[in-house]
Amino acid sequence: MVTRLVLVLGDQLSLGLSALAQADKADDVIVMAEVADEAAYVPHHPKKIALILSAMRKFAARLESEGWTVAYTRLDHPDNAGSIPGELLRRAAEVGASEVLVTTPGEWRLINVLSDCPLQVQFLADDRFVATRADFEGWAEGRKQLRMEFFYREMRRKTGLMMEGDKPAGGKWNYDAENRKSPPKDLRPPEPPKFEPDAITSEVLELVEARFSGNFGRLRPFWFATDAEQAEAALDHFIDHALPNFGDYQDAMLSGQRFLFHAVISPCLNIGLLDPLTVCQRVQAAWKAGHVPINAAEGFIRQIIGWREFVRGIYFLEGPDYVNRNALGHDRALPALYWGGETRMNCLSEAVEQTRDEAYAHHIQRLMVTGNFALLAGIDPHQVHEWYLAVYADAFEWVEAPNTVGMSQFADGGVVGSKPYVSSGAYINRMSDYCKSCAYSVTAKTGEGACPFNLLYWHFLERHRDRFKDNPRMGNMYRTWDRMDDGKRATIVKEAQIFLDRMSDGALV
Ligand SMILES: Cc1cc2nc3c(=O)[nH]c(=O)nc-3n(C[C@H](O)[C@H](O)[C@H](O)COP(=O)(O)OP(=O)(O)OC[C@H]3O[C@@H](n4cnc5c(N)ncnc54)[C@H](O)[C@@H]3O)c2cc1C
Ligand code: SF4
């Protein structure tokens, strides 16, 4: 047999990976490489780099223990070629191979780099998802609008999850009306399990400390799950302790409660340590056993077989140029507060501080605090995209870009969402306790100390009136704005502009 190389990337750490299923243990050589190109295309959070390197090293050891030949290159190895194609060429010369098997990467950048590599690269479908790319394309074809809710129903039918025959369990597809309660003051969510670094992780932490301490983000304490067994333990803990309240407080934000009832499993799912379908089956079983209410189980499963699959479909459908879209023509530079610069806005300060410490923020912090502010302030969506890609441990382009460029910044002009996710301070006040400790007043609409979200919300609507005034889901917003007297509207627009100018000049805002 001719020896082939089997490339396994840092987010492909699944024993059932299609490239491994097609490979021959006796003859093929697995290539895994920690390369500078991948560690530096955006300034990744040190915790994200540590997670991936530690999980890669453990996965390589597991493969070797199962009899595979693994050619593994560490980041600090003197012969490290610094890029994935460079490493493939080096290994190909070493073992006399010219063919490479790879499960298609989840990023256009890497697909293109591998397509240009002067070896015979065979791409295999990534079957760690419920929908294939062809399934999604077939579903999308001929539809005027792509809406997650309808795609999600297809995925329910396809998987049989939460189904009673051909009907949705309990009679409804979606139980969101029972979710999203405001958080009571004395809410005491469980902490996610924290894993002590073992010998492999400790060695990686030292390497990351030496090489990436200049990147935004705290490396220690480091407690992420870094292998499949730990990821399973984290999932068990979530199902037992947090899932029952997941739906109710899905949108809540509380100072000092960074994880609430969220699963904190996206890093494990996205690098392949957990299988999404198995996760959903476990959640369904907990509901069937009477351990969790239907709104929690359905709401959670919708995030995975609905949103997660939907955004992946969009990413591949829309093509490599998706990350450069800027439908609203926003061009303001990302302010320093996103990198930990001082701000008087407590909601942003809480979300960014938690991001720096944990490489994690939950969905509503990403969407309605950091994302909402960037959209209202007219920040360049590409800079926003690069920020999200860098700072979260779960950030891989196929999932990050549609969430940021599409859902959060409306830079795709409405492919992911039918209207922009914008709100004034009132929403943040309803869903969090942030406003109580803020230098600004959430009830003040104008004048000294008025919450910037209140000013920028109307400024955004006014700036984009032509685009959004006829959007049926935004009619109420424009009617409220138009009912205000001219003087008040002029004051709001003027004060919002002053705020934006001061922010861009680097003043403390
Ligand atoms: C601007 C922005 C950027 C985002 N970037 C990423 C990213 O880079 N990587 C990422 O995995 N998620 C991203 N999300 C989606 C979501 O915020 C995270 O998946 C979630 O916060 C992960 O935490 P969790 O595991 O505790 O999730 P939970 O709230 O417990 O949800 C369970 C699981 O559902 C899935 N999920 C939930 N919402 C989404 C969604 N909108 N898209 C895809 N999957 C979803 C995740 O796999 C998650 O682990 C982003 C959202 C926004 C608004
Ligand atoms: S008052 Fe405004 S800026 Fe302050 S925490 Fe509330 S929403 Fe954020």
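Above this text sits the structure in question.
Quick summary incoming for the structure in this document.

The rules we used
- Residues numbered from 1 in each chain as written.
- Chains lettered and ligands numbered in written order.
- Predicted model: local features only at pLDDT ≥ 70, side-chain atom pairs only at ≥ 80, totals over all residues.
- Heavy atoms only, no water.
- Core = buried A, V, L, I, M, F, W, Y, C linked by side-chain atoms within 4.5 Å.
- Buried < 20%, exposed > 50% of the residue type's maximum accessible area, 1.4 Å probe, protein only.
- Contact = heavy atoms within 4.5 Å.
- Near = heavy atom within 4 Å.
- Nonpolar A, V, L, I, M, F, W, Y, C, P; charged D, E, K, R; others polar.
- Polar contact = N/O pair within 3.5 Å; in protein donor to acceptor, adjacent residues only side chain to side chain.
- Areas by Shrake-Rupley, 256 points an atom, 1.4 Å probe, with all protein chains shown as cover.
- Helix = DSSP H or I, 4+ residues; strand = E, 2+ residues; numbered from the N terminus.
- Pairing = 2+ DSSP bridges.
- Right-handed = clockwise from strand over helix to strand, strands pointing away.

**What about the nonpolar core?**
Reasoning step 1: M32, L243, F300, F310 and F373 are the most contacted members of the largest nonpolar core, which has 170 residues in total.
Reasoning step 2: Not counting the four nearest positions on each side in its chain, M32 is found in contact with V8, L13, M56, F59, A60, L63, V70, A71, Y72 and T73.
Reasoning step 3: Residues V35, L114, C117 and L119 belong to the second largest nonpolar core, which totals 19 residues.

**Quick word on the site of ligand 2**
Reasoning step 1: Neighbouring ligand 2 are the residues M345, C347, G425, I428, Y434, C435, C438, Y440, V442, C451 and F453.
Reasoning step 2: Here the shell around ligand 2 is built from residues that sort into ten nonpolar, one polar and no charged.

**Description of the site of ligand 1**
Reasoning step 1: In the neighbourhood of ligand 1, 29 residues make up the surrounding shell, with H262, A263, V264, N270 and Y360 lying closest.
Reasoning step 2: For ligand 1, an oxygen atom lies 2.7 Å from a polar atom in the side chain of H262.
Reasoning step 3: Look at ligand 1: alone it shows 810 Å² of surface, and the protein chains cover 99% of it.
Reasoning step 4: Counting only elements with at least two residues in the shell around ligand 1, the list comes to helix 10 (266–271), helix 12 (294–318), helix 14 (363–377) and helix 16 (397–408).
Reasoning step 5: Its residues assigned to classes, the shell around ligand 1 comprises 16 nonpolar, nine polar and four charged.

**Some points on the environment of G10**
Reasoning step 1: Mapped onto the secondary structure, G10 falls in the loop between strand 1 (5–7) and helix 1 (18–22).
Reasoning step 2: Once the C-alpha coordinates of G10 and M32 are considered, the two residues, 22 residues apart in sequence, prove to be 7.9 Å apart.
Reasoning step 3: Setting aside its immediate chain neighbours within four residues, G10 contacts I52, M56 and I271.

**Some points on the pairing of strand 4 (residues 99–103)**
Consecutive side chains along a regular strand alternate between the two faces of the sheet.
Reasoning step 1: Summarising burial for strand 4: four of the five residues are buried, a large majority.
Reasoning step 2: As paired strands, strand 1 and strand 4 are joined by three bridges and run parallel to one another. Bridge pairing in strand 4 places V6 opposite L101.
Reasoning step 3: Once the chain exits strand 4 it traverses helix 5 (residues 108–115) before rejoining the sheet at strand 5 (residues 120–124), and the crossover so formed is right-handed.

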